[in-house]
Amino acid sequence: MSNYVELFHRLDALLVKNCQFWQFMPFAERGFVWQQNPQFCQWLMRIDDSQLQLLSQDIKALTAALLPWIDDAEQLTQIAAEISPLARTKQLVPQGFDSGIPGRKWQQITAFNEVLPRLGLPWLEWCAGKGYLGRVLAVSHQQPVTSLEWQQQLCIDGEQAAKQLQLDINFVHADAFSIESDAAIVRQQHAVALHACGDLHVSLLQRVVAKKGAAVSISPCCYHLIRQPHYHPMSVAAKTSPLVLSKHDLRLPLQETVTAGNRVRQLRFVEVSFRLGFDLLQRDLNQTDTYLAVPNVQKALLTQGFEAFCHWAAAKKGIDLPSNIDYEYWQRQGEQRFAITERMELVRQLFRRPLEMWLVLDRACFLEEQGYNVVIGSFCDKPITPRNLLIHAERGDL
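Note that the structure is a prediction, hence the values are computed from the model and not measured.

Conventions we followed
- Residues numbered from 1 in each chain as written.
- Predicted model: local features only at pLDDT ≥ 70, side-chain atom pairs only at ≥ 80, totals over all residues.
- Heavy atoms only, no water.
- Buried < 20%, exposed > 50% of the residue type's maximum accessible area, 1.4 Å probe, protein only.
- Helix = DSSP H or I, 4+ residues; strand = E, 2+ residues; numbered from the N terminus.
- Arc of directions from axis to C-beta.
- Contact = heavy atoms within 4.5 Å.
- UniProt positions renumbered as here; feature names shortened; annotations may be inferred.
- Salt bridge = Lys/Arg side-chain N within 4 Å of Asp/Glu carboxyl O.
- Pairing = 2+ DSSP bridges.
- Axes fitted to C-alpha atoms, helices over the stretch in contact; angles between N-to-C directions.
- Right-handed = clockwise from strand over helix to strand, strands pointing away.
- Parallel < 35°, antiparallel > 145°, perpendicular 65-115°, else oblique.

Moving on, we get to helix α3 (residues 49–57). For α3, the complete set of buried residues consists of Leu-52, Leu-55 and Ser-56. End-on view of α3: buried residues confined to an arc of 100 degrees, all on one side of the axis. On the buried face of α3, the contacting elements are α4 (59–66) and α15 (327–349).

This brings us to the UniProt feature "domain: Methyltransferase" (unreviewed entry) in the chain. Taking the numbering used here, the UniProt-annotated feature "domain: Methyltransferase" (unreviewed entry) corresponds to residues 124–228. Between the first and last C-alpha atoms of residues 124–228 the distance is 27 Å; the span itself is 34% helix and 26% strand.

Before going further, it helps to spend a moment on the pattern of salt bridges. For the structure shown, the criterion picks out 18 salt bridges. A salt bridge links Glu-114 to Arg-88, with the shortest nitrogen-to-oxygen separation between them at 2.9 Å. Remark: Arg-88 occurs in the loop between α5 (73–80) and α6 (103–115) and Glu-114 occurs in helix α6; sequence separation between them is 26 residues. Where Asp-279 meets Arg-337, a salt bridge forms, and the shortest distance between an N and an O atom there is 2.9 Å. One end of the pair, Asp-279, is in helix α12 (residues 262–286); the other, Arg-337, is in helix α15, with 58 residues separating them in the sequence. Comparing Asp-279 with Arg-337, the two get one shared label, buried. Via salt bridges that share partners, Arg-30, Asp-279, Arg-283, Asp-289 and Arg-337 belong to a single interconnected network.

Ordered in space as β3-β2-β1-β4-β5-β7-β6, the seven strands form an open sheet in which the pairing is mixed. Edge strands, defined here as strands with exactly one partner in the open sheet, are β3 (169–173) and β6 (372–378). Neighbour-to-neighbour, the strand axes of this sheet turn through a mean angle of 15 degrees, independent of strand direction. Pairing of strand β5 (residues 215–221) with strand β7 (residues 389–395), which is carried by four bridges, proceeds in the antiparallel orientation.

With that settled, the discussion passes to the pairing of β3. On any regular strand, side chains alternate: one points to one face of the sheet, the next to the other face. Note: strand β2 (residues 145–149) against β3, five bridges, orientation parallel. Across the sheet, the residue bridging to Ser-147 is Phe-171, located in β3. Each parallel crossover has a hand, and for β2 linked through helix α8 (residues 152–164) to β3 it is right-handed.

Attention now moves to the packing of α4 against α5. Axis separation between α4 and α5 bottoms out at 8 Å; the angle between their running directions is 155 degrees. By the angle between their axes, α4 is roughly antiparallel relative to α5. Contacts between α4 and α5 involve Ile-59, Thr-63 and Leu-66 from the first element and Ala-73, Glu-74 and Thr-77 from the second.

Here it is in structure tokens:
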């Protein structure tokens, strides 16, 4: 049994054992889901907003705070920390190659490139966009690059930039899910995907394996962007797990808390409490206990108050509002529910990185099962991107 399979099973057991703490939708609940543990609920409500902010930014502090209530808190955090930074080799990229690339994206690209081994193989850049990564690969490794992208204008822009920089990059205009894209994958090649979403990077791994491609390196992203209603495990190890992951569950790894200013926090409080208040109102009117999702709203509408928001939301959902509604009451209910929802989300934060690790390990175990030597590590610090995990796989017979 490989180390990754063993690590997967340890992590899987912890996530299954503690699923009551993370596998639910806070915004769909009227109150705390842990009513059978009133002391835990009371403790959560005693956390003030400043403490909430601090704990959401500091996983070690959150782990310590939750340890009296979640026995495995420390073990979960320790397992998530077992993935180490990958060794980096500084690559000098000529001036001007970052033209048109946002600063943080450029940092991600160069960091990703610096952990890739030099295998002397041509490159396949999957879901390439304008080929920003391909430019860096071409100049750093002096190997030709095939950049596959489904948006034709991005291909045109990328080809133009590659010509100006005198780089050996060939753009292929194709849908990553189509049969046509298969032709871009060949055996003697190093395929890469930096932050290809959900099924896009899964499709790449499956196709590389089918073609017995020499090497593949990906940094997964947006795990919830899948075509099925639930997650389909890739590896034998994950297929034995009792976990059934919904798209909502798969969003958890992406819910990275960021420090926001008072104005942004206040705007979020208004919008979310309005949504939660309206949801309680519609449940009362429709005699249901089912959450009702409401579309995105223009922020300007929020300044018109809760009653205006309710009329807008009701119109969107075809609900007739009676004239005798006590809007102040439902607004207060929404604000109280906001406080509860935020504290349930805080508890779920403990499981954010462990669940991401579970998904990454599923991909790593799948590749190992197909005869690849696999390494998982982080390719940059979290401030550059929270999606900093990289899976690199080479065929054993390379």
